[in-house]
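This is what each chain is made of:
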Amino acid sequence: MTYQNEKQMKYTNMLRTVLKELPEFCGYFFRAAETTSSILTRYGYAVDLRSFFRFLSSGEIEWCPAKDMKSLTLSDLNKVRPLDIERYLEHISLYQDQEKKIHTNKERAKARKLAAIRSFFKYYYKQQMIDNNVSALVDTPKLHEKAIVRLDVNEVADLLDTVEQGNGLSERQQNYHEITKVRDTAILTLFLGTGIRISELVGIDMRDVDFERDQFVVTRKGGNQERLAFGPEVREALRCYLNERKDITALPGHENAFFLSLQKKRITVRAVENLVKKYAKLSTPLKKITPHKLRSTYGTMLYQESGDIYLVADVLGHKDVNTTRKHYAAISEDRRRTAAKYIKLREDEPETDQ
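The rules behind these values
- Residues numbered from 1 in each chain as written.
- Predicted model: local features only at pLDDT ≥ 70, side-chain atom pairs only at ≥ 80, totals over all residues.
- Heavy atoms only, no water.
- Phe/Tyr/Trp six-rings, centres within 6.5 Å; stacked < 30°, edge-to-face > 60°.
- Helix = DSSP H or I, 4+ residues; strand = E, 2+ residues; numbered from the N terminus.
- Buried < 20%, exposed > 50% of the residue type's maximum accessible area, 1.4 Å probe, protein only.
- Lys NZ or Arg CZ within 6 Å of the ring centre and 35° of its normal.
- Pairing = 2+ DSSP bridges.
- Patch = residues over 30% accessible without salt bridge, like charges linked within 9 Å, V, L, I, M, F, W, Y side chains within 5 Å.
- Areas by Shrake-Rupley, 256 points an atom, 1.4 Å probe, with all protein chains shown as cover.
- Salt bridge = Lys/Arg side-chain N within 4 Å of Asp/Glu carboxyl O.
- Lys, Arg positive; Asp, Glu negative; His and termini not counted.
- Charge placed at Lys NZ, Arg CZ, Asp CG, Glu CD.
- Contact = heavy atoms within 4.5 Å.

Q: Break down the packing of aromatic side chains for me, with residues and values.
A: Tallied over the full model, the rule gives 20 aromatic pairs. Measuring from ring centre to ring centre gives 6.2 Å for phenylalanine 25 and phenylalanine 120, while their planes differ by 50°; the resulting arrangement is tilted. Placement of the pair is phenylalanine 25 in the loop between helix 1 (3-19) and helix 2 (26-33) and phenylalanine 120 in helix 6 (residues 107-126), with a sequence separation of 95 residues. Both residues of the pair, phenylalanine 25 and phenylalanine 120, belong to the buried class. Judged by centre distance (5.5 Å) and plane angle (55°), the ring pair of phenylalanine 52 and phenylalanine 53 falls under tilted. An aromatic cluster is defined as three or more aromatic residues linked by ring pairs; in this entry it consists of Phe25, Phe29, Phe30, Tyr45, Phe52, Phe53, Phe55, Tyr88, Phe120, Phe121, Tyr123 and Tyr124. Cation over ring: arginine 239 sits above phenylalanine 211, and NZ or CZ is 4.4 Å from the ring centre.

Q: Hey, could you go over the pairing of strand 5 (residues 225-229) for me, with residue numbers and the actual values?
A: Where strand 4 (residues 215-219) and strand 5 come together, 5 bridges link them in antiparallel fashion. Bridge assignment links threonine 219 to a residue of strand 5, and that residue is glutamine 225.

Q: Could you give an account of the sheet that holds strand 5, with specific residues and numbers?
A: Through backbone hydrogen bonds, the strands of a sheet pair up, either in parallel or in antiparallel fashion. An order of 3-4-5 is seen for the 3 strands of this open sheet, with the pairing classed as antiparallel. Taken across any chain shown, the strands that pair with only one partner, and hence form the sheet edges, are strand 3 (209-210) and strand 5. Looking at chain direction, strand 3 and strand 4 are connected through 2 bridges and run antiparallel. The residue bridging valine 209 from the neighbouring strand is phenylalanine 216, located in strand 4.

Q: I'd like a rundown of the pairing of strand 4, residues and numbers included.
A: Looking along a regular strand, one sees the side chains alternate between the two faces of the sheet. Of all 5 residues making up strand 4, 5 are buried, and the element is well covered by its neighbours. Side chains of strand 4 alternate between two faces, with Gln215, Val217 and Thr219 and Phe216 and Val218 buried alike. Turn length for the strand 3-strand 4 hairpin, with the two strands adjacent in sequence and antiparallel, is 4 residues, and the turn residue aspartate 214 shows positive phi of about 50°. The turn linking strand 4 back onto strand 5 is made up of 5 residues, and glycine 222 within it adopts a positive phi angle of 90°.

Q: Report on a negative patch on the surface, specifying residues and quantitative values.
A: On the surface, Asp152, Asp158, Asp161 and Glu164 cluster together to form a negatively charged patch. By the secondary structure assignment, glutamate 164 is in helix 7 (residues 153-165). A residue is classified by how much of its surface remains accessible, and glutamate 164, at 42% relative accessible area, is partly exposed.

Q: Describe in detail the side chain of arginine 245, supporting the description with residues and values.
A: With respect to the secondary-structure elements, arginine 245 resides in helix 10 (residues 232-245). Those residues within four positions of arginine 245 in sequence are excluded, and the remaining contacts are Met206, Ala250, His254, Glu255, Asn256, Ala257, Phe258 and Leu260.

Q: Run through a positive patch on the surface, naming residues and quoting values.
A: On the surface, Lys106, Arg108, Lys146, Lys277, Lys281, Lys288 and Lys326 cluster together into a patch of positive charge. Tracing the sequence through the fold places lysine 281 in helix 11 (residues 269-283).

Q: Hey, could you go over a nonpolar patch on the surface for me, with residue numbers and the actual values?
A: On the surface, Tyr176, Ile179 and Leu262 cluster together into a nonpolar patch covering about 290 Å² of accessible area. Here isoleucine 179 shows up in helix 8 (residues 171-194). Taking the relative accessible area as the measure of exposure, isoleucine 179 reaches 52% and is therefore exposed.

Printed below as a string of structure tokens:
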């Protein structure tokens, strides 16, 4: 079974568990969405809608007395006002759940939850099951741009040196490092040399890597597969790891996985996040580096070298080039400033002796 198949099964079961808590009429929406969205998207929608319906049935809304969330009907959905959705978004800024645990949601989380609610209402309005799509009248929370954190050239070299040499690790970490340094070097080099996502990296199988053509197969968001090329540095790091990987007998069900954990299972997203954090904290302590920041570093370097935003979008797997342009707008501005230095309308007048 491939990593993608395992993930599909896992989230399908998780989605079914959440659906059992939701009102019965929600089933129409999720059955229709199955042909147009991924299982991760549908699961995310289910979790966000569960949050909304919990609020709706909590007694906070005047027209809806406290009741079991599952007992809500389409008649109740038809009574929802834009004000009710706005009150929900304000509520989730800071709230306490049934287990007395405190939760907060900032602007991006609110925007995501509102997007789920909009898709939900849009479907039922389109199917003429409700009279109005009130969610379309609610403004999206203003999103403030985050500063994009990347590594510069020297920091990339320092990070890779730290992974290879283990400088700064504790004595206990050094013991593990002797076992994992070749694997960890391959993982960090692959991130920095190709810009793949963490889910794409952990999903790589043995058969996906082709050293004859210096390329490998990745499964993108949505399930599409693409072949990406890698350079000499990535090839060397992957070959070194493969020499070790061939001598490891993986546990049943994990035989095809390229990157293995110390437990001889396919390495997990959490494990990769932790190892990147560990090495980055030693090499660049002033920057909070994650696998996604390594992806941004690659995109930056590729754009600086090529100047081709469409190439960067294609390699990074962005469906919309405007997503890429947004992330690398600052670099574009720097390049535009340098344009002023290249063009001269008149030759400089030669200096004459006075």
